[in-house]
Amino acid sequence: MLKTTFPHMGTLYIPMKSLLSTLGLEPVAPPPTSQRTIAIGTKLAPEFACLPLKVNLGNYVEAIADGAELIMMAGGVGPCRFGYYSQVQREALAEAGYRAELITLEAPNADLRELLRAIKKYIPRHNLSALFQALHMFWKKAEAIDVFDRLANRIRAKEQAPGSASLIQNRFYRAIDNAATLNDIKAVLDTGIQELQAIPIDQERKPLKVMLLGEIYMVLEPKVNFQIERLLGEMGVEVIRSIYLSQWIREHFFQNPITGKSRTHLLQLARPYLESHVGGHGLESVAHTIEAGVNRLDGVVQVAPFTCMPEIIAMQVIPAISTHFSIPALHLIIDEHSGEAGIKTRIEAFIDLLNHRKSKRQSKREPVLTGGS
Ligand code: SF4
């Protein structure tokens, strides 16, 4: 069986392992991303490449050391560097002497035959029904993870013992990774939801609500965003994530990534501030900031890799939205030199500010008590 790997992006490894094994390949998930991974990728990549490209390269090298012979990487379209990612990575690996083959999976515009043609020569089970079955499992696992994560973010902000939801989440990820059938996925999800709902929570607590948005890789990969979702949650903040894995899969593999339905909706929402697609998730960052303002959330946190053009454009627009809707925004630009302590300090200061604003608003709304006789 051909040993096949892929880059990490949050929990993507779980549905990817299932997809590859259902197609008759042997999945080799890279070891979890670490400082070593980032150092390897940084050494091989061009200096000004985006951080995700560098981390991906480190993932490949570590997976090759574990025996991977084939690498699968998503392709991209639009005005940002993602479209060149796989070509740059292929050349960087070849220059460093790595022989593993890298194939690019382009968005098939909802035509599965297109995807099949791209991977046919590599996969043993290369017929449409096998591909459909593999994609179905892939999709169901991604969807289950997202349902679970949404609930975990709500519960985490109110849990009495910090860390309870994260403990169950880790167990859930392991179980969904081991689920072999659609029934198993459903059973694992049902159990996970029951366990989350059984966590003792503080019913009285009204947590801050913060939208987490930005470049998709930075939003979804906890090893590069310093576990921001858990960090905020365990500070008593409910995180509303702007993008989920299943959503990205749907947009990337089953819709045209530029003209898809959800993109049209976001384009309309962002139009007063940004009129065109600027690549990556720049447009989404603008649209979701507006959404957060309209829904009266307490704040917005934008995470972006250093030199990410789409997020830099969004960053120029967000302050105007922030003023218009009176919603504070924190911009975190991360690269391979960023340190956890610095990021954590900025987040804590931001949350202090939001708490202060909230208590000021509440004290204005509270009726003035006059003394009785
Ligand atoms: S969205 Fe940003 S980080 Fe991602 S490839 Fe494009 S420029 Fe690089």
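What you see is a predicted model, and the numbers here were worked out from it, not measured in a lab.

Reading the values: the criteria
Residues numbered from 1 in each chain as written. Predicted model: local features only at pLDDT ≥ 70, side-chain atom pairs only at ≥ 80, totals over all residues. Helix = DSSP H or I, 4+ residues; strand = E, 2+ residues; numbered from the N terminus. Buried ≥ 20, exposed ≤ 12 C-beta atoms within 10 Å, placed from the backbone. Contact = placed C-beta atoms within 7 Å. Domains from an automatic or database assignment. Nonpolar A, V, L, I, M, F, W, Y, C, P; charged D, E, K, R; others polar. Near = placed C-beta within 6 Å. Pairing = 2+ DSSP bridges. Axes fitted to C-alpha atoms, helices over the stretch in contact; angles between N-to-C directions. Expected span 1.5 Å × (residues − 1). Bend = angle between axes of the 7 residues up to and from the residue.

**Quick look at the environment of T5**
Mapping T5 onto the fold places it in strand β1 (residues 3–5). Taking the number of C-beta atoms within 10 Å as the measure of exposure, T5 has 29 and is therefore buried. Between the C-alpha atom of T5 and that of M16, which follows or precedes it by 11 residues, the distance is 8.9 Å. Setting aside residues up to four positions removed in sequence, T5 forms contacts with V28, P30, Y60, A63, A68 and I71.

**Structural notes on the domain arrangement of the protein**
Here the protein is partitioned into domain 1 (3–125), domain 2 (127–156 + 158–206) and domain 3 (208–362). Centre-to-centre separation of domain 2 and domain 3, based on C-alpha positions: 23 Å. Each side of the interface is counted separately: domain 2 has 13 residues, and domain 3 has 12 residues. Of all the elements in the fold, those that place two or more residues in the side of domain 2 that touches domain 3 are α6 (128–156) and α7 (164–178). Examining the composition of the side of domain 2 that touches domain 3, we find that eight residues originate from one element, α6, more than from any other. Tallied by class, the residues present in the side of domain 2 that touches domain 3 amount to five nonpolar, three polar and five charged.

**Some words on the site of the ligand**
Lining the immediate environment of the ligand, one finds C50, P52, C80, R81, F82, E215, G279, G280, P305, C308, M309 and P310. Residues of the shell around the ligand, tallied by class, amount to eight nonpolar, two polar and two charged. Per-domain counts for the shell around the ligand show at least three residues from each of domain 1 (3–125) and domain 3 (208–362).

**Quick look at the sheet that holds strand β8 (residues 329–334)**
Taken in spatial order, the four strands of this open sheet run β6-β5-β7-β8, and their pairing is parallel. The open sheet has two free edges, formed respectively by β6 (237–241) and β8, since each of these has just one partner strand. Mean inter-strand twist for the sheet, computed between neighbouring axes without regard to direction, equals 25°. In terms of strand pairing, strand β7 (residues 299–305) meets β8 through six bridges, oriented parallel. Each residue of the ladder has a partner; that of P305, found in β8, is I334.

**Some points on the sheet that holds β1**
Spatially, β2-β1-β3-β4 is the arrangement adopted by the four strands of the open sheet, whose pairing is parallel. The open sheet has two free edges, formed respectively by β2 (26–27) and β4 (101–105), since each of these has just one partner strand. Here strand β3 (residues 70–74) pairs with β4 via five bridges, running parallel. Paired with M73 across the strands is T104, a residue of β4. Helix α4 (residues 85–95) contacts β3 and β4 of the sheet and is inclined by roughly 180° relative to β4.

**Section: helix α14 (residues 309–325)**
The end-to-end C-alpha distance of α14, which contains 17 residues, comes to 25 Å, matching closely the 24 Å that a straight helix rising 1.5 Å per residue would cover. Considering bend angle alone, the principal kink of α14 is centred on V317 and spans about 30°; proline P319 follows within four residues of it. All of the buried residues along α14 are P310, E311, I313, A314, V317, I318 and I321. Check the buried side of α14 and you find it contacts β5 (208–214), α13 (282–294), β7 and β8. Looking one or two places after α14, you find S326, whose phi comes out positive at around 55°.

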